[in-house]
Amino acid sequence: MSQNTDLLTLRSVSKSYGTVPVLHDIDLSIRDGEFLTVLGPSGSGKTTVLRLIGGLEPLTAGEIRLDGQDISRMPINKRPFNTVFQDYALFPHMTVSGNVGYGLSVRHIKRKEIARRVAEALELVQLGRFAERFPAQLSGGQRQRVALARALICQPRLILLDEPLAALDLELRRQMQEFLKSIQREIKTTFLFVTHDQEEAIGMADRICVMQAGHIRQLGTPHELYYKPNCEFVARFFGENNLVAGKLGPVQGEQRPIETALGRLVCSISDQPHLKTAPDGASAFAAFRPEALRLADANDGDNRFSGTIADLAFAGSSTVATIMAGADNAAQRLRLRMPSRIDGSILKSGETVSLSFAPHEGHLVLA
Amino acid sequence: MSGAGSTHAAERRLSQLITVLAFAMPVVFVLVPLAIFLVYSFFSVDQGTIVHAPTLGNYVRFFTDPIFLPVFWNTIVLCVSVAVICILLAYPAAYFLTTLKGRWRYALLMLLLVPLLMSYVIKIYAIRSILGLNGFLNKALVALGILDQPSTLFVFNMNAILLTLSLLLIPFAILPIFLSLERIPQTLLRASDDLGASGLQTFLRITLPLSLPGVASAASFVFVLAIGDFLTPQMVGGISGFTFGRILYSQFGTAYNWPFGAALSVALAIVVIAAILIGERFGRSRGTSV
């Protein structure tokens, strides 16, 4: 697995339907062998990216390069990619093995060879016993695996998955996530996975590309996206977050203060050069995760403020408190998440408490 | 309580009445007349009056008289040919329709179906004048130099019936084929492309097999309509274009032999039912959802 060479590159790719633009000047590199997830709300253009790469639709502008070769005009049936469609798109008049072998038989590969590779592929997706069934006789999860086997049997350079788990129930979706990830590791093929479900994205992806309104907002590992979001959209969209608006103060090494309604908050800016160069007084948000927020103790100097606990919600392993802070303890709504304890929460609803978060656990995003 | 109970009872009686009516209508208006037909086929005629005594004579005559079986067989062959011609012409038309976008698709479909609104007899007259000795077809063929002189090949014979029935019944073939083609999800075709199939491979291996149910129902539809028709053969068939429908018609009309006509109808009904069953058998698609 050569994770660092680029398999596919999108350069200044734009797409419009009629006069309606859906993608604006997208640049994206997909590395060989990685599991890349394109994440975004509906209407963000994520499925369009996949359809352009797969050749299901023509580009309006820009180019797509595979191993450095421009493939923008290559017809769909010549591209070495295969798609797992959202509704599976299994051929209803063919058996499971007919479906899985289709990509080989249209290439006039010998029957014996097809039979061998179909058996292999069905073994891989654990559907060996279902070879002679028709799609209508399978459950949703089984159809899903047939679609996957059908896509990977042609040994494509890239497998495109268009929200393939959307139609499955929660438990099955979890299983399929693990299953997809393990298959991807086993066959060492690059996966491009489109979803609107961030939990799905975190669970499977090597890297995530967050899209909104036809733009790529951020591309990075799940860890980077979670702890170093580069804009308000990612900070709000990706995981639960507390955002407090304010004005930036002068840089202090790897940290920078921000003047907010909660007072002066100090946050880390390491590895985020754009926050170092932003001018003093620029509008920004202090952002900290609910699990970073905690009751202050005597040692806390920075990032100390008070708040009133408005609500407590027990969520199994953790308990989430909704806290009103800022002017009159009413202006700013915050969330605090702490591990649940069998003898009840140490927090009481209606109580006013002193709160804090460590500077290295806070980050800044420009408004 | 009792008031509520009686409303319930009234409602129940009403729904029972509706159920009875729902079953009674087809029984009274379809099954009973058919049964009367069947019964009549076992009667006979003596000097213009029907003899109500059961006999197998009509069926014996149908199978032994050298006139009826050959005409019966030729008519079946004719109508199968009509069905085949209709399918061959209707399939490309229906396929072309599904390649059109939005409004154009349905506008053109309506245009193809407009002839169904016209009087059957007028259409036959129109086609007869096209096929006739001085008709458009002959004039065109002579003008193009394909024929030296007008041919009598196209009118008042079996060819004329074949051509006329095919033309008249094409709309009945286009509709079911169009519907079955339209029902094929586009993503199946995209999936086929995606897996490396060429346009022709996608058509032969996905589109065609998935549209076969529509083809089967179109074929049985056209066949059934063609075999029951006596007006077209009567008007364009001349003397040589003798079909089973015409024989049937003459038994009820000129010959005034209703029991024998009923027996011939029963034979025809068996063929029609068989055609519908075959169409239904092949019309059922194997997989339902995708």
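Placed above this text is the structure.
Residues numbered from 1 in each chain as written. Chains lettered and ligands numbered in written order. Predicted model: local features only at pLDDT ≥ 70, side-chain atom pairs only at ≥ 80, totals over all residues.

Colleague: Honestly, the nonpolar core in this entry has me stumped. Any pointers?
Modeller: Taken as a class, soluble globular proteins show a tendency for nonpolar side chains to be buried jointly. Among the nonpolar cores identified, the biggest contains 101 residues, and Ile-53, Ala-149, Leu-192, Cys-209, Val-210, Ala-286 and Leu-364 of chain A are the most heavily contacted of them. The greatest single-element share of this core, amounting to six residues, is contributed by helix H4 (residues 140-152) of chain A. Counting residues domain by domain, this core receives three or more from each of domain 1 (6-227) and domain 2 (240-366) of chain A. Those residues in contact with Ile-53 of chain A that lie beyond four places of it in its chain are Leu-8, Ile-64, Phe-81, Leu-160 and Leu-192 of chain A. Formed by 43 residues, the second largest nonpolar core is a distinct cluster that contains Phe-154, Met-158, Ile-170 and Leu-181 of chain B. (Core = buried A, V, L, I, M, F, W, Y, C linked by C-beta atoms within 7 Å. Buried ≥ 20, exposed ≤ 12 C-beta atoms within 10 Å, placed from the backbone. Helix = DSSP H or I, 4+ residues; strand = E, 2+ residues; numbered from the N terminus. Domains from an automatic or database assignment. Contact = placed C-beta atoms within 7 Å.)

Colleague: Would you mind showing me how to read the interface of chain B and chain A here?
Modeller: It is common to report an interface's size as the accessible area lost on association of the parts. Each partner contributes to the interface: chain B provides 20 residues, whereas chain A provides 23 residues. Residue assignment for the side of chain B that touches chain A shows that the elements contributing at least two residues are helix H8 (186-194) and helix H9 (199-227) of chain B. If one sorts the elements of the side of chain B that touches chain A by residue count, H8 of chain B sits on top with six residues. In terms of residue class, the side of chain B that touches chain A is built from eight nonpolar, eight polar and four charged. (Nonpolar A, V, L, I, M, F, W, Y, C, P; charged D, E, K, R; others polar.)

Colleague: I tried to follow helix H3 (residues 68-99) of chain B on my own but got confused; where do I start?
Modeller: Each α-helix turn comprises 3.6 residues. Residues three or four places apart therefore point the same way. Residue and element names in this part refer to chain B. In this model H3 runs 46 Å from its N-terminal to its C-terminal C-alpha over 32 residues, within 8% of the 46 Å that 1.5 Å per residue would give. The largest bend in H3 comes to about 25°, at Ala-90, with the proline Pro-92 one to four residues further on. When H3 is considered as a whole, its buried residues turn out to be Thr-75, Leu-78, Cys-79, Val-82, Ala-83, Cys-86, Ile-87, Ala-90, Tyr-91 and Ala-94. Where H3 is buried, its residues meet helix H7 (158-183), H9 and helix H11 (244-252). (Expected span 1.5 Å × (residues − 1). Bend = angle between axes of the 7 residues up to and from the residue.)

Colleague: What exactly am I supposed to notice about the pairing of strand E10 (residues 215-220) of chain A here?
Modeller: It is a general feature of regular strands that their side chains alternate between the two faces of the sheet. Sheet topology places strand E9 (residues 207-212) of chain A next to E10 of chain A; five bridges connect them, and they run antiparallel. Bridge assignment links Gln-212 of chain A to a residue of E10 of chain A, and that residue is His-215 of chain A. (Pairing = 2+ DSSP bridges.)

Colleague: Just checking my understanding: could you explain unusual backbone geometry for this structure?
Modeller: Peptide bonds are, in most cases, trans, and in most cases residues other than glycine have a negative phi. All names here are of chain A. The backbone of Lys-188 shows a phi angle near 55°, a positive value even though the residue is not glycine. Mapped onto the secondary structure, Lys-188 falls in the loop between helix H5 (170-187) and strand E8 (190-195). Non-glycine residue Asn-303 carries a positive phi angle of around 55°. Tracing the chain through its elements places Asn-303 in the loop between strand E15 (294-295) and strand E16 (304-315).

Colleague: Before we go on, may I ask you to explain the sheet that holds strand E18 (residues 332-339) of chain A in this structure?
Modeller: Within a sheet, neighbouring strands are paired by backbone hydrogen bonds and run either parallel or antiparallel to one another. Residues and elements named next belong to chain A. Within the open sheet, the five strands sit side by side as E15-E19-E16-E17-E18. Their pairing is antiparallel. Two strands close off the open sheet at either side, each with one partner strand: E15 and E18. With two bridges connecting them, E15 and strand E19 (residues 352-356) associate as antiparallel partners. Looking at E19, one finds that Leu-295 is bridged to Leu-355.

Colleague: Looking at this structure, how should I read the pairing of E9 of chain A?
Modeller: Residue and element names in this part refer to chain A. Of all six residues in E9, five are buried; the element is thus mostly enclosed. Relative to E9, strand E3 (residues 35-39) runs parallel, the two being bridged by four bridges. Of the residues in E9, the one forming a bridge with Leu-36 is Arg-207.

Colleague: Please clarify how the sheet that holds E8 of chain A should be interpreted in this entry.
Modeller: Residue and element names in this part refer to chain A. One open sheet holds the six strands; their spatial order is E6-E7-E8-E3-E9-E10, and the pairing between them is mixed. If you trace the sheet from one side to the other, it starts and ends with strand E6 (81-84) and E10, each paired once. Mean inter-strand twist for the sheet, computed between neighbouring axes without regard to direction, equals 20°. Note: strand E7 (residues 158-162) against E8, five bridges, orientation parallel. In the strand pairing of E8, Ile-159 is matched with Phe-191. This element, H4, spans E6 and E7 of the sheet and lies at about 175° to E6. (Axes fitted to C-alpha atoms, helices over the stretch in contact; angles between N-to-C directions.)

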